[in-house]
Amino acid sequence: MSKFETIAIDLGEVKPGQIVKPFFKLKEDVKIKSISVTCNCLKARIDKRGGVRIEYTVVDIPYHLVQNGITKLPRDKSAQVLFEDGTQEEIKFKFIITK
């Protein structure tokens, strides 16, 4: 059973340069020991409202893909949350970069 209300968020379509900040609310008052992100492009922090906030600045669709006619690119990012009780959970969000 997850400690979060949801472990996956769909942000829909986003534009390059846009800053997205998905919030993963905890169901109960539990202590988070650490948060590990999957890439250096993410900033994660424990939010005072009782959950985890992840911040990501959307990047451009790579040039070689645009040259091949790609105008929408699905992406996803995730983080591992380790709790004081030793359990851990993966939280993730997905989005589609649009030109």
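Residues numbered from 1 in each chain as written. Predicted model: local features only at pLDDT ≥ 70, side-chain atom pairs only at ≥ 80, totals over all residues. Heavy atoms only, no water.

1. Comments concerning the state of the cysteines
Two cysteines form a disulfide when their sulfur atoms are joined by a covalent bond. Under the criterion given, the structure shown has one disulfide. Here Cys-39 is linked by a disulfide to Cys-41, with a sulfur-sulfur distance of 2.0 Å. Between Cys-39 and Cys-41, the S-S dihedral sits near -40 degrees, and the bridge is therefore left-handed. The exposure class of Cys-41 is partly exposed, given its relative accessible area of 34%. (Disulfide = S-S within 2.5 Å. Buried < 20%, exposed > 50% of the residue type's maximum accessible area, 1.4 Å probe, protein only.)

2. Things to note about the sheet that holds strand S8 (residues 88-98)
Judged by pairing direction, the sheet is mixed, and its four strands sit side by side in the order S1-S8-S7-S4 without closing on themselves. Each of the sheet's edge strands pairs with one partner strand only, and the pair in question is strand S1 (8-14) and strand S4 (32-37). When the angles between neighbouring strand axes are averaged without regard to direction, this sheet yields 20 degrees. Pairing analysis gives five bridges linking S1 to S8, with the strands arranged parallel. Bridge assignment links Ala-8 to a residue of S8, and that residue is Lys-92. (Pairing = 2+ DSSP bridges. Helix = DSSP H or I, 4+ residues; strand = E, 2+ residues; numbered from the N terminus. Axes fitted to C-alpha atoms, helices over the stretch in contact; angles between N-to-C directions.)

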